[in-house]
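# Notes for the structure review
The primary structure of each chain is shown beneath.
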Amino acid sequence: MPDPRRAIPRTDAVLAEPRIAKAAGSLGRDLVKAVVNDVQQAVRAGEIGPGDVVDTVLARLPASASSLRPVINATGVVVHTNLGRAPLSAAARDALVAAAGATDVEFDLATGERARRDRGALAALRAAVPDAGAVHVVNNNAAALLLCALALAPGREIVVSRGELVEIGDGFRIPDLLESAGARLREVGTTNRTSVRDYAAAIGPDTGFVLKVHPSNYRVTGFTAEAAMGELAGLGVPLVADIGSGLLAPHPLLPDEPDAASALRAGATIVTASGDKLLGGPQAGVLLGDADVVERLRRHPAARALRVDKLTLAALEATLRGPEPPVRAALDVSVASLRERAEALVKAIEGVDAQVVASVAAVGGGGAPGVELPSVAVSLPARYAAALRTGEPAVAGRVVKDRCLLDLRTVRLEEDAELREAVRRCG
């Protein structure tokens, strides 16, 4: 009998098929060839017929050469770390595309001379926080703290409250980070109560700076006390304030969340924060404060290793100069408009066991712990959760009491149509 494997189309013949050749031009030949080989193996296993190879390859090809997939965030967590934290604004996305090729990142087109690479982003950051004497950007908030320790406290002490020895994501701990820079931690106070007297008693000739850390991913309640920023600023040594979530100015929904402008007005020497949380931009660590100290940080040898690339600079500048980013829009949206959108969605998917329900959203990303944001969700049977996650587009909701909730506070208005079609396909 003839060997059925002889009927399997040759690899070069499949790759030459016009539609597959076109895909190889955008996805890369090696990636497409790997899919072809997998499909050929499926023929050998008897899972598909030889005549189905081309169609199966086309169906299995990814949308892009990257393994990352877009996800509609319907979890109700505004800054979701597992989903990439802050979604970028349309202006920031356009800026990324513009900066992807050759760009004037370090080139003055008017003079033909070399220019400072971060001038546009830093000018936008200065404009957003005019209380800062100078600003600098590194690749995340941990890098900002590390640079402070390297430049201001090498071999010296950093005075910090025991209640602020924070552990951040994936087991990384701020004490370990600072000690890796060659600094020594001088812990003061207790877990729940630390006064300005505790800090003052610890300050001496060996003090590099006082560190005030906002415990952004937990809350200590009950019999508690902490020193105010203004009190610590008067101790005669530099004060570094890690506000964490990147709020640049006060927000009415987040009255207890520290912001950069208020910290600087209270006397902080340096404020560090994240760019991809409440600021709403790309991953970055921002440093704002005293001009002389910022320049000292900028000129430290480690600053080169911690610098951001042109894509981050472009997206950060566009976030600061452009229209309201999605994070801010999610915070400011009215519950009434969310309910209206939820009702329209339920009406459009008639025949599905769907209900409009009240929900509670959260800031997330280590910001505003304990703050509950009133919201509205579409409630579906729990089985929808897995189907939506693995569908196209992928939709991440949350399961509560055997129901899949799609919280619309974190779904952008322009995503409503995609969300509706995704639910329909799972029906």
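Our structure's up above, just so we're on the same page.
Residues numbered from 1 in each chain as written. Predicted model: local features only at pLDDT ≥ 70, side-chain atom pairs only at ≥ 80, totals over all residues. Heavy atoms only, no water.

## Digging into the sheet that holds strand 9 (residues 355-361)
Spatial strand order, 9-10-13-12: four strands in an open sheet with antiparallel pairing. Two strands close off the open sheet at either side, each with one partner strand: strand 9 and strand 12 (398-400). Recorded for the sheet is a direction-independent mean angle of 45 degrees between the axes of neighbouring strands. As defined by bridge partners, strand 10 (residues 373-381) adjoins strand 13 (residues 403-407) across five bridges and the pair is classed as antiparallel. Residue Ala377 lies in a different strand from strand 13, and its bridge partner there is Asp407. Docked against the sheet, helix 16 (residues 335-348) engages strand 9 and strand 10, running at close to 10 degrees with respect to strand 10. (Pairing = 2+ DSSP bridges. Helix = DSSP H or I, 4+ residues; strand = E, 2+ residues; numbered from the N terminus. Axes fitted to C-alpha atoms, helices over the stretch in contact; angles between N-to-C directions. Contact = heavy atoms within 4.5 Å.)

## Regarding the pattern of salt bridges
The final tally for this structure, using the stated rule, is 27 salt bridges. Where Asp332 meets Arg328, a salt bridge forms, and the shortest distance between an N and an O atom there is 2.9 Å. Of the two residues, Asp332 and Arg328 are both situated in helix 15 (residues 326-332); the distance of four residues between them amounts to about one turn of the helix. When the shortest N-O distance is used, the salt bridge between Arg424 and Glu421 registers 2.7 Å. Placement of both Arg424 and Glu421 in helix 18 (residues 416-426) is noted, with a separation of three residues, approximately one turn of the helix. The exposure class of Arg424 is partly exposed, given its relative accessible area of 41%. Relative accessible area serves as the criterion here: at 28%, Glu421 is assigned to the partly exposed category. Among the ionic contacts, a cluster of salt bridges with common partners joins Glu106, Arg114, Arg117 and Arg307. (Salt bridge = Lys/Arg side-chain N within 4 Å of Asp/Glu carboxyl O. Buried < 20%, exposed > 50% of the residue type's maximum accessible area, 1.4 Å probe, protein only.)

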